[in-house]
Amino acid sequence: MKIAVFAGDGIGPEVTAQALRVLDELSLPGLTLFEGDVGAVAYRRHGQPLPDETLEMARAADAVMFGAVGDFSCDDLPRHLRPEQAILGLRSELGLFANLRPAAGFPGLEHLSSLKPEIARSIDVLVVRELNGDVYFGDKGERASAGGREGWDAMSYNEAEVRRIAHTAFRAAMGRGKKLTSVDKANVLETSRIWRETVIDVAKDYSEVTLDHMYVDNAAMQMVKAPGQFDTIVTGNLFGDILSDQASACVGSIGLLASASLGERQTGYGTFGLYEPIHGSAPDIAGQGKANPVAAVLSLAMLLRHSLGREEEAVRVERAVEGILADGVFGGDLGGNATTGEIGDAIVSKLLTIS
Ligand code: ATP
Ligand code: MG
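These figures come from a predicted structure and were not determined experimentally.

Glancing now at the domain arrangement of the protein chain. If you check the domain split of the protein chain, you get domain 1 (1-97 + 254-355) and domain 2 (110-251). Placing the centre of domain 1 and that of domain 2 at their C-alpha centroids yields a distance of 25 Å. Between domain 1 and domain 2, the residue contacts involve nine residues of the former and nine residues of the latter. Considered class by class, the residues forming the side of domain 1 that touches domain 2 number seven nonpolar, one polar and one charged.

Written out as structure tokens, the structure is:
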């Protein structure tokens, strides 16, 4: 088993270090780690945010553990040299087409949610967002029109693209509450009509999963009114971008939430993927021990589950995190004063109490 570790910039290395301590504590046999440069740190050392050797390291690995990229010092660089290009490049070069973002309320932290506590408590959803298609990648441009400059971005999905993300979502739903909601806008969009028909077809392979469909406008409303009704959501790139951020805000601190981006390649243990906290490099708090490492540690749990087939260890890590939050080990983002390292210490100690 090989994990490529790209800690990146800002708080990326600080939170990744804590996730690595947790991984070390699990003592997985036959595990090798490789460290590579991405982001501003890579630009400074190699003149580019995603050096070839970093990409090769990712290709040779079973999974990538990613911290964060971004640094004020790079604001004046041309776009292709900016740190953010590293993650965009990794996603496209590695064919990571499925973004998984779990959002679940933590008991006792309901006050962080933008929802009423009783509603926040009910949220436990996984948003599966397609990452390689839709309006971001369709034909786009600008032309003169009678109304001044006109811009366009074509939305498109073909059956193969929908089929592939639908399979990922159904498999994810099988490992959860066996309920999948496909979100589209099939009443007005041709893309969504193909999307819906294809998802219905893929559903034949997953008779245990209950499938329903929702228009995106209604889904956005339901996410804040009654999020407890959702188990797993599958949707396209644009709708998923919006709904996954919305689901995160329903839970609370950005320092708590993890994500996975999966590709098609099977590793022998699971599916190849890249794992990262949903937060960025947070330059405002970097180097001060203020970063919450929970999102990075929960990203490790997703890595164990999806790429290494280590469900048991994944659950152990998740239970350790829930345990320290229940004990009130909070960093500044949660109104407490535990440092990044102290939160890591607490997670490691808790892990030892969980078999
Ligand atoms: P990006 O463009 O990379 O997403 P961003 O500027 O949108 O970056 P973040 O870097 O995620 O945003 O930071 C947003 C805010 O949240 C900042 O004030 C930051 O300090 C805070 N923050 C982000 N991650 C954490 C964390 N792990 N622990 C505590 N605070 C955090
Ligand atoms: Mg951001």
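Continuing now.
Time to look at the UniProt feature "domain: Isopropylmalate dehydrogenase-like" (unreviewed entry) in the protein chain. This chain's UniProt record puts "domain: Isopropylmalate dehydrogenase-like" (unreviewed entry) on residues 2-347. End C-alpha atoms of residues 2-347 are separated by 23 Å, and the span's content is 39% helix alongside 22% strand.

On to helix H12 (residues 340-353). A rise of 1.5 Å per residue sets the reference length of H12, with its 14 residues, at 20 Å; its end C-alpha atoms lie 21 Å apart and thus fit the reference within 8%. Listed as buried for H12 are Thr340, Ile343, Gly344, Ile347, Lys350 and Leu351. Buried residues of H12, seen end-on, are gathered within an arc of 130 degrees and therefore sit on one face of the element. Within H12, the exposed residues directed more than 90 degrees away from the buried face are Leu352 and Thr353.

Judged by nonpolar contacts, the single largest core of 105 residues is most densely connected at Val64, Met65, Val128, Tyr275, Val297, Leu300 and Val317. Considering every element that reaches this core, the biggest residue donor is helix H10 (residues 294-306), with ten residues. Built from parts of two domains, this core gets at least three residues from each of domain 1 (1-97 + 254-355) and domain 2 (110-251). Sequence-distant contacts of Leu300, defined by excluding residues within four places in its chain, comprise Ala19, Val22, Leu23, Met65, Tyr275 and Val317.

Note: most residues except glycine have negative phi, and most peptide bonds are trans. Located in the positive-phi region is Lys178, a residue other than glycine, with phi close to 60 degrees. In this fold, Lys178 is placed in the loop between helix H6 (159-174) and strand E8 (179-184). We classify Lys178 as partly exposed; it has 14 C-beta atoms within 10 Å. With a phi angle near 40 degrees, Ala282 is a residue other than glycine that sits in the positive phi range. With respect to the secondary-structure elements, Ala282 resides in the loop between strand E12 (271-277) and H10.

Next up on the list: the sheet that holds strand E10 (residues 232-235). Sheet architecture is open: ten strands sit in the order E2-E1-E3-E12-E11-E4-E5-E10-E8-E9, paired in mixed fashion. Either end of the sheet is taken by a strand with one partner, and the two such strands are strand E2 (32-35) and strand E9 (210-215). Along the sheet, successive strands turn relative to each other by an average axial angle of 20 degrees, direction set aside. Across six bridges, E8 lies against E9 in parallel orientation. Across the sheet, Lys179 pairs through a bridge with Thr210, a residue of E9.

What follows deals with the pairing of strand E7 (residues 148-153). Each regular strand carries side chains that alternate between the two faces of the sheet. Counted residue by residue, E7 has zero buried out of six residues, so it is predominantly exposed. Pairing analysis gives six bridges linking strand E6 (residues 140-145) to E7, with the strands arranged antiparallel. Counterpart to Gly141 in the pairing with E7 is Trp152. If you look at the hairpin formed by E6 and E7, you'll find two residues sitting between the two strands.

What counts, and where the lines are drawn
Residues numbered from 1 in each chain as written. Chains lettered and ligands numbered in written order. Predicted model: local features only at pLDDT ≥ 70, side-chain atom pairs only at ≥ 80, totals over all residues. Domains from an automatic or database assignment. Contact = placed C-beta atoms within 7 Å. Nonpolar A, V, L, I, M, F, W, Y, C, P; charged D, E, K, R; others polar. UniProt positions renumbered as here; feature names shortened; annotations may be inferred. Helix = DSSP H or I, 4+ residues; strand = E, 2+ residues; numbered from the N terminus. Expected span 1.5 Å × (residues − 1). Buried ≥ 20, exposed ≤ 12 C-beta atoms within 10 Å, placed from the backbone. Arc of directions from axis to C-beta. Core = buried A, V, L, I, M, F, W, Y, C linked by C-beta atoms within 7 Å. Pairing = 2+ DSSP bridges. Axes fitted to C-alpha atoms, helices over the stretch in contact; angles between N-to-C directions.

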